[in-house]
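# Structure assessment
Next come the chains, spelled out residue by residue.
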Amino acid sequence: MKKRVFSGIQPTGEIHIGRYLGAIRHWVSMQDNYDSIICVVDLHAITVPQDPRLLKGRIREFAGLLLAAGIDAERSILFVQSHVSAHSELAWILNCFIPMGWMQRMTQFKEKSVKQKEQVSVGLFDYPALMAADILLYDTDVVPVGEDQKQHVELARDAAQRFNNIYGETFVLPEPVIPDVGARIMGLDDPNKKMSGSEMGVGHSIALLDSPDVIRSKIMKATTDSHRDVVFDESRPGIFNLLTIYQIITGEGKKEIESRFAGKGYGDLKKALAEVVVEVLRPLQERYRQITADPGHIDAILKSGAEKARPLAVRTLARVKEKVGLG
Ligand code: AMP
Ligand code: TRP
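Read on for a plain summary of the structure. (Residues numbered from 1 in each chain as written. Chains lettered and ligands numbered in written order. Predicted model: local features only at pLDDT ≥ 70, side-chain atom pairs only at ≥ 80, totals over all residues. Heavy atoms only, no water.)

### Thoughts on the environment of Gly267
Along the chain, the position of Gly267 falls in helix α12 (residues 266–293). Classification of Gly267 by relative accessible area gives partly exposed; the value is 33%. In sequence terms Gly267 and Gln290 are 23 residues apart; their C-alpha atoms lie 35 Å from each other. (Helix = DSSP H or I, 4+ residues; strand = E, 2+ residues; numbered from the N terminus. Buried < 20%, exposed > 50% of the residue type's maximum accessible area, 1.4 Å probe, protein only.)

Okay, here's the thing in C-alpha cells:
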C-alpha cells in the first residue's frame, strides 16, 4: 500500500514561484511514490473577503495551472474543497474538540488579523480546523507544504491525537514535509518578506504565467545589497534568495553554483537566473494554453476528482459521527 499525500492551495492572488518551488513541484514529484490528493481550497479562500465574480474563475485557473505544472489527474485526485461537503462537516466536529488556546497560538492568524483589523472573521481564526478536516478525512500520512503551513499541520496532528485519545483509534496521524531548500521563498522587492500571493506590488513575485520579458525585468530589478561576490550568505537575504531559486531550478549544489559565478557579479547571476526561470516556466505555460483551449476540460477533471474524493471522505466522516454518537 502506498502512503497517502494530501495538500492544498488557496485560489487567491496569483500562483507565484514561491508556491511553485516551495510546494507544487514536490506534489508533482511525489505522485510517483504516493497516493496523492490535491485540493483547491476555496472555503479557505473566503476566510478573507473575495470578489465572487473572480473567485469561481480563479478556482479553474488554479486547477489548470496545477495540471500544467504536472499534476496528473489519472494518477492523483484533483478536486475543489467545496465540492465535497464532508470538509465543512468534519471541521465543525473538530471545532468542538480543539481547545481555543491552540488556535490562539497560530502565528499566521496573528499576522493576518493585524492586516485585517476589526474586519477579521471567525473563519480566519478557525481556518486551521478546516485544514485539519481536509487532512484527516483522507487518512493522510504526509502533508508537503511550505514553512508557513508547518504549524497548521502540527495542529491537525495534535487534533487527531486528542480525538483518538478520547474515542480510540479514528484518525491517521499526519506529518508535515517541509523542503530543505525553498520552504520560504522571499519577495524579490523585499527579501525580508515571504513571497506572497496577496502582496500585489509589481516586482514582488513572479507569476507562473508571466511573459519572459516580465520575468527578466522583475529579476533584474530584484533588491540586493552593495556587495559584489555571488555567495550563499544568509546575512545577504536578497542574493541568498536569488541563489536559492537558482539552486532549486538547476538542481546544482551550492559550491558548484558559487564556482560558476566566481569573479562575476550580481548582474551576471540575475541574467542567468532570469533565463533559468523563463525556461522552467516555458513548457508549463505551453501546457496551460493547451489545457485551457478546451473550455470544458478543467470542469470535467474537477467533477471526476470530487467523485473520487467524496466516498473516501464520507467513509471517514461516518466513522467519526459514529464515535461521537451523532445521529
Ligand atoms: P498558499 O499560497 O498559502 O495557498 O500556499 C500553497 C502552498 O505553497 C503552501 O504549502 C505554502 O506553504 C507554499 N508557499 C506559499 N508561499 C510560499 C513561499 N513564498 N515560499 C515557499 N512556499 C510557499
Ligand atoms: N492553508 C494552506 C495554505 O494556505 C492550504 C491548505 C488548506 C492545506 N488545507 C490544506 C495545505 C491541507 C495542506 C493540507 O497554504
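That was the structure; now back to the text.
### Here's the deal with the pairing of strand β2 (residues 35–40)
Most of β2 is tucked away, with 5 of its 6 residues classed as buried. Looking at chain direction, strand β1 (residues 4–9) and β2 are connected through 6 bridges and run parallel. Bridge pairing in β2 places Phe6 opposite Ile37. Between β1 and its parallel partner β2, the chain crosses via helix α1 (residues 17–30), and the hand of that crossover is right-handed. With 4 bridges joining them, β2 and strand β3 (residues 77–80) adopt parallel strand pairing. The residue bridging Ile38 from the neighbouring strand is Leu78, located in β3. (Pairing = 2+ DSSP bridges. Right-handed = clockwise from strand over helix to strand, strands pointing away.)

### Re the environment of His44
By the element assignment, His44 lies in helix α2 (residues 42–45). With 84 residues separating them along the chain, His44 and Pro128 place their C-alpha atoms 9.3 Å apart. A polar contact is formed between the side chain of His44 and the backbone oxygen of Tyr127, at a distance of 3.1 Å. (Polar contact = N/O pair within 3.5 Å; in protein donor to acceptor, adjacent residues only side chain to side chain.)

### Thoughts on helix α4 (residues 86–95)
Among all positions of α4, only Ala86, His87, Leu90, Ala91, Ile93 and Leu94 are buried. Taken end-on, α4 shows its buried residues confined to a sector of 165 degrees, consistent with a single buried face. (Arc of directions from axis to C-beta.)

### Here's the deal with the environment of Leu312
Tracing the backbone shows Leu312 in helix α13 (residues 297–324). Each C-alpha atom, one on Leu312 and one on Ile178, is 26 Å from the other, the two residues being 134 residues apart in sequence. In this structure Leu312 touches Arg4, Ile37, Ile77, Leu137 and Tyr138, once residues within four positions along its chain are discounted. (Contact = heavy atoms within 4.5 Å.)

### A few points about the packing of helix α9 (residues 212–220) against α12
Direction vectors running N to C along α9 and α12 enclose 150 degrees, while the axes themselves pass 9 Å from each other. Taken together, the axes of α9 and α12 are roughly antiparallel relative to one another. Where α9 crosses over α12, the two elements pack in a sense that is right-handed. Within the contact between the two elements, α9 uses Pro212, Ile215, Arg216, Ile219 and Met220 and α12 uses Gly267, Lys270, Lys271, Leu273, Ala274, Glu275, Val277, Val278 and Leu281. (Axes fitted to C-alpha atoms, helices over the stretch in contact; angles between N-to-C directions. Parallel < 35°, antiparallel > 145°, perpendicular 65-115°, else oblique. Left-handed = near helix turned anticlockwise from the far one by under 90°.)

### As for the site of ligand 2
Contacts to ligand 2 come from 13 residues, most closely from Gln10, Tyr127, Met131, Asp134 and Gln149. In this structure, Tyr127 approaches ligand 2 through a side-chain N or O atom, which is 2.6 Å from a nitrogen atom. Among the elements of the structure, β1 and α7 (122–136) are those that each provide at least two residues to the shell around ligand 2. For the shell around ligand 2, the element with the most residues is α7, which contributes 4 residues. Residues that form the shell around ligand 2 fall into these classes: 7 nonpolar, 5 polar and 1 charged. (Near = heavy atom within 4 Å. Nonpolar A, V, L, I, M, F, W, Y, C, P; charged D, E, K, R; others polar.)

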